[in-house]
Amino acid sequence: GEVTPVESVTPDVPVTPQQGALRDPIGESAPTGTSEPLIVETDLFTARIETLGGRLSSLTLKAFRTAVSAQSDPLQMIQVAPGAAAPLGARLASEDGKLVEDDTRVVYTADRPGLVLRGTESEAIVLRGTLASGVKIAKKFVFSGTTYPFSVEVAVTEAPAHLARIGLGWRHQIVEAVPGDPQ
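Notes on the structure in this doc start here. (Residues numbered from 1 in each chain as written. Predicted model: local features only at pLDDT ≥ 70, side-chain atom pairs only at ≥ 80, totals over all residues. Heavy atoms only, no water.)

## Notes on the sheet that holds strand E4 (residues 56-65)
Keep this limit in mind: Here, strands pair whenever DSSP counts at least two bridges between them. Under the scheme used here, helices are H or I runs from DSSP no shorter than 4 residues and strands are E runs no shorter than 2 residues, and both carry numbers assigned from the N terminus. Every axis corresponds to a line fitted to the C-alpha atoms, with the helix fit spanning only the stretch in contact, and the corresponding angles, defined between N-to-C directions, vary from 0 to 180 degrees.
Pairing is mixed in the open sheet, where five strands are placed in the order E5-E4-E3-E2-E9. Each edge of the open sheet is held by one strand with a lone partner, namely strand E5 (74-76) and strand E9 (114-116). Recorded for the sheet is a direction-independent mean angle of 15° between the axes of neighbouring strands. Pairing analysis gives five bridges linking strand E2 (residues 37-41) to strand E3 (residues 45-50), with the strands arranged antiparallel. Note that in E3 the partner of Leu 38 across the bridge is Ile 49.

## Regarding the environment of Gly 53
What counts is decided by this rule: Three exposure classes are used, based on accessible area relative to the maximum for each residue type with a 1.4 Å probe and protein chains only: buried under 20%, partly exposed in between, and exposed over 50%. By definition, residues are in contact when any of their heavy atoms lie within 4.5 Å.
With respect to the helices, strands and loops of the structure, Gly 53 is situated in the loop between E3 and E4. Given a relative accessible area of 0%, Gly 53 falls into the buried group. Each C-alpha atom of the pair Gly 53 and Arg 105 lies 5.4 Å from the other, and the pair is 52 residues apart in sequence. Here Gly 53 is in contact with Asp 103, Thr 104, Val 106, Tyr 108 and Lys 139, once residues within four sequence places are set aside.

## Quick word on the sheet that holds strand E6 (residues 89-93)
In spatial order, the strands read E7-E6-E13; together these three strands make up an open sheet with antiparallel pairing. Pairing within the sheet leaves two strands with one partner each, and these edge strands are strand E7 (100-102) and strand E13 (165-169). Taken over all neighbouring pairs, the strand axes of this sheet differ in orientation by 25° on average, direction set aside. Pairing geometry for E6 and E7, over three bridges, is antiparallel. Considered in E7, the bridge of Ala 93 is made with Val 100.

## Some remarks on the packing of aromatic side chains
Put simply, the rule is: Side-chain rings of Phe, Tyr and Trp, where Trp is taken by its six-membered ring, are said to pair if the distance between their centres is within 6.5 Å; with planes under 30 degrees apart they count as stacked, over 60 as edge-to-face, and otherwise as tilted.
All told, the structure shown has four aromatic pairs when counted by the stated rule. The interplanar angle of 55° and the centroid separation of 6.4 Å between the aromatic rings of Phe 64 and Tyr 148 together place this pair among those described as tilted. Highlighted residues: Phe 64 in strand E4 and Tyr 148 in the loop between strand E11 (136-144) and strand E12 (151-159), separated in sequence by 84 residues. Given the relative accessible area of 42%, Phe 64 is considered partly exposed. Through a chain of ring-to-ring contacts, the aromatic side chains of Phe 45, Phe 141, Phe 143 and Phe 150 assemble into a single cluster.

Written out as structure tokens, the structure reads:
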């Protein structure tokens, strides 16, 4: 099915800190457990999306290298420090930012196992899951075969009124220097 971004709130769904769903907005840690990766292959890159947390764990650019040498590995754009969460985590928050619920431990189901896109083809992968509080969440990733940019839409239903803000996270972390790179 089609997913459209909404900021739907349903005040009659109680969410309390005792449920373990809400927490202080501290840095996210890496999800624990197993994940089935979804692979997206385009003319320009290969992306890997984890079903645990719905995170982008790899984005490898085919036409760019890690060093000047043509024999060097393709350029990996996602670098995540050990114990940290990968990019594109969804987060619901109160207006003051003091109450937060995120999808770090949500096990998503995908509408397909991956994509192979060539030329001007454009398609989406939709992930659906449920937060600890019962809020339904969907992430729609839209890719094209010939462009680097891709879009991510987040939709929630049954969200309590006090969690009115929604966002996606992307923390850039330098894990280690590339050997032979003077920069």
